[in-house]
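Commentary on secondary and tertiary structure
Given next are the chains, with one letter for each unit.
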Amino acid sequence: MRVLVVEDEIGLAEAVGAILRKEKYIVDIANNGKTGLEYALTGEYDCILLDIMLPGMNGLDVLTYLRVREIETPVLLLTAKSEIDDKIKGLDCGADDYLTKPFSMGELLARIRAMTRRKGIPVDINPKYGDITLDLKKGEIICGTLT
Ligand code: CA
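**A few points about the coordination of the calcium ion**
Coordination of the calcium ion by the protein is provided by D8 (OD), D51 (OD) and M53 (O), with metal-donor distances spanning 2.1 to 2.3 Å. Overall, the relative accessible area of 29% leaves D8 in the partly exposed class.

Printed below as a string of structure tokens:
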């Protein structure tokens, strides 16, 4: 399970990273929005923890960009703001959940487990219907047998 942590408070990012690694997650940390977006665009993560207030590019912009690019990785927004507007905005931008700082590590882990469970059954990247095969990675339909 790979988790991306996008958080500019280095101390918090490192603490979260250390706890996740202890729980056997593979963790990458980005300390600003642009680096976070770059990492997230690889689509290699099972879950992204995304701070809203980030230097350069804020979390909501990162999230919007990811969803436009059809990166559907579950996103948990971390926000220091408790204003309801930001939560609504975040969820409307495509976040799966959010946590208001300060949060307990126990709750963070539980929410990550819940989000990654919701991801559901892994998608078959080559579904077949009779002699027609769909290659979802290349976006091709192949008639006849694959060689
Ligand atoms: Ca921040």
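**Section: the nonpolar core**
With 19 residues, the main nonpolar core has V6, I48, L50, L66 and L77 as its most contacted residues. Of all the secondary-structure elements, those providing two or more residues to this core are β1 (2-6), α2 (33-40), β3 (47-51), α3 (59-68) and β4 (75-79). Per-element tally for this core: the top contributor is α3, with four residues. The contacts of L66, once residues within four sequence positions are left out, are L37, A40, L41, I48 and I71. Ranked by size, the runner-up nonpolar core spans 18 residues in total, among them A13, L20, F103 and I112.

**Quick notes on a nonpolar patch on the surface**
A cluster of nonpolar side chains, namely Y129, I132 and I141, defines an oily patch on the protein surface of about 330 Å² accessible area. Accessibility expressed as a relative area gives 56% for Y129, which makes it exposed.

Parameters at a glance
- Residues numbered from 1 in each chain as written.
- Predicted model: local features only at pLDDT ≥ 70, side-chain atom pairs only at ≥ 80, totals over all residues.
- Heavy atoms only, no water.
- Donors = N, O, S within 2.8 Å, 3.2 Å for Na, K, Ca; no water.
- Buried < 20%, exposed > 50% of the residue type's maximum accessible area, 1.4 Å probe, protein only.
- Core = buried A, V, L, I, M, F, W, Y, C linked by side-chain atoms within 4.5 Å.
- Helix = DSSP H or I, 4+ residues; strand = E, 2+ residues; numbered from the N terminus.
- Contact = heavy atoms within 4.5 Å.
- Patch = residues over 30% accessible without salt bridge, like charges linked within 9 Å, V, L, I, M, F, W, Y side chains within 5 Å.
- Areas by Shrake-Rupley, 256 points an atom, 1.4 Å probe, with all protein chains shown as cover.
- Salt bridge = Lys/Arg side-chain N within 4 Å of Asp/Glu carboxyl O.

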